[in-house]
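As a plain string of letters, each chain reads:
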Amino acid sequence: MTSTCNLTRRAFAAACAGAASALALPALHAQGKPEKTKVALAVGGKAAFYYLPLTISEQLGYFKAEGLEVEISDFAGGARALQAVVGGSADVVSGAYEHTINLQSKNQMFQAFVLQGRAPQIAFGVSTKNMPGYKTVADLKGKRIGISAPGSSTNMMANLVLSRAGLKPSDVSFIGVGTAAGALAALRSGQIDAMSNTDPVMTMLEQKGEVKIISDTRTLKGTVDVFGGPMPAACLYAPMEFIQKNPNTCQALTNAIVHGLKWLQTAGPSDLIKTVPDSYLLGDRALYLASFSKVRDAIALDGLIPEEGAKTALKALASFDPSIKADKINLAKTYTNEFARRAKEKYKA
């Protein structure tokens, strides 16, 4: 009798647990109310095309439509934006995926949950004024290289290009110049000899003959040439603890970004000009649109992070950063596609 009762209790408990999980999943799937309706989001260089999906989702009211009030703080580069979350002044980062790998190598668990860019959109160019006789990457030894901010993805790409030419990060001087007007001024005034940066800045310098591009990840093909495979770029990521405590909030953020990605798939030049702030154009509408056509291929389609891309990022980082041991990193914990899958279904992205 006792064993029968125990079996009955166990069956009842299992049924309750099953019912609870069945209730929990549809609640999230149907977008339960966000646990946190006010979200502080940090980004490094918001005006860059690298973060265009974030700007579109904000400007078109997609975050508000999901029940969120998102306060966006803009920093000089992705590494600075990350510091805001680590320091507790922001909840979520809009930044480069590879930061989640770097953080895990330091026993800090962060997770990316929606992709904005499927290629880094970073170009590395040499100043035609300061280095007219440039021939190979080895010529950069002892030179000043502009990046958005130390530790950012522009810094990472520069390190990768240098390492393939046998140069160490200590062989050059890296200078943070941001991703907008300050970056243009730094190169034009001769403060730096080369620059690793995003668009529209790099296209503007390239079209005016002020830089010679030596490495380019603004297209999917160029990304494979540089990294040897697909390389996820901008994404939203946050401490795993935040994601676990606020799944509906993360779903709402993801929905808004994926909605923005879908809008971008069919947006024309005039749509873009009407939507982004005038300051993003850097005083040259035609060049801004030329930059957009160059990087359009690199914008994510559905927010999903490719498994192969995560492997590419780890391999790239481990190739020049001895503190990152590839066999010690659990890539499955650096990202999740759960939220993006639901958003993709909702918006048929």
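Whatever comes next refers back to the structure up there.
Below or above, wherever it landed, is the structure these notes cover. (Residues numbered from 1 in each chain as written. Predicted model: local features only at pLDDT ≥ 70, side-chain atom pairs only at ≥ 80, totals over all residues. Heavy atoms only, no water.)

## A few points about the packing of helix H6 (residues 153-164) against helix H14 (residues 307-320)
When two helices pack together, their arrangement is given by the angle between the helix axes and the distance between those axes.
Item 1. Contact geometry for H6 and H14: axes closest at 9 Å, N-to-C directions at 60 degrees. In the packing of H6 onto H14, the handedness of the crossing is left-handed. Note on element contacts: H14 touches H6 through Ala316, Leu317, Ser319 and Phe320, opposite Met156, Asn159, Leu160 and Ser163.
Item 2. A breakdown of the residues in the contact of H6 with H14 according to their chemical character gives five nonpolar, three polar and no charged. (Axes fitted to C-alpha atoms, helices over the stretch in contact; angles between N-to-C directions. Helix = DSSP H or I, 4+ residues; strand = E, 2+ residues; numbered from the N terminus. Left-handed = near helix turned anticlockwise from the far one by under 90°. Contact = heavy atoms within 4.5 Å. Nonpolar A, V, L, I, M, F, W, Y, C, P; charged D, E, K, R; others polar.)

## Things to note about the environment of alanine 313
Item 1. Note on placement: alanine 313 falls in helix H14.
Item 2. On the basis of relative accessibility, which here comes to 0%, the residue alanine 313 falls in the buried class.
Item 3. Each C-alpha atom of the pair alanine 313 and isoleucine 101 lies 8.2 Å from the other, and the pair is 212 residues apart in sequence.
Item 4. If we ignore the near neighbours within four places in the chain, the residues touching alanine 313 are Tyr97, Ile101 and Met231. (Buried < 20%, exposed > 50% of the residue type's maximum accessible area, 1.4 Å probe, protein only.)

## Considerations on helix H2 (residues 52-59)
Item 1. In terms of burial, H2 is largely enclosed, as six of its eight residues are buried.
Item 2. All of the buried residues along H2 are Leu52, Pro53, Leu54, Thr55, Ile56 and Ser57.
Item 3. Remark: glycine 61 follows H2 within two positions and exhibits a positive phi of approximately 75 degrees.

## Some points on the pairing of strand S8 (residues 194-198)
Item 1. In terms of residue burial, S8 counts as a mostly covered element, since five of its five residues are buried.
Item 2. Side chains Ala194, Ser196 and Thr198 project from S8 onto one buried face, and the interleaved Met195 and Asn197 project onto a second face that is buried too.
Item 3. Here strand S5 (residues 122-127) runs beside S8; their pairing, made up of five bridges, is antiparallel. Among the inter-strand pairings, valine 126 is bridged to a residue of S8, identified as alanine 194.
Item 4. The sheet contact formed by strand S6 (residues 144-147) and S8 spans two bridges and is parallel. (Pairing = 2+ DSSP bridges.)

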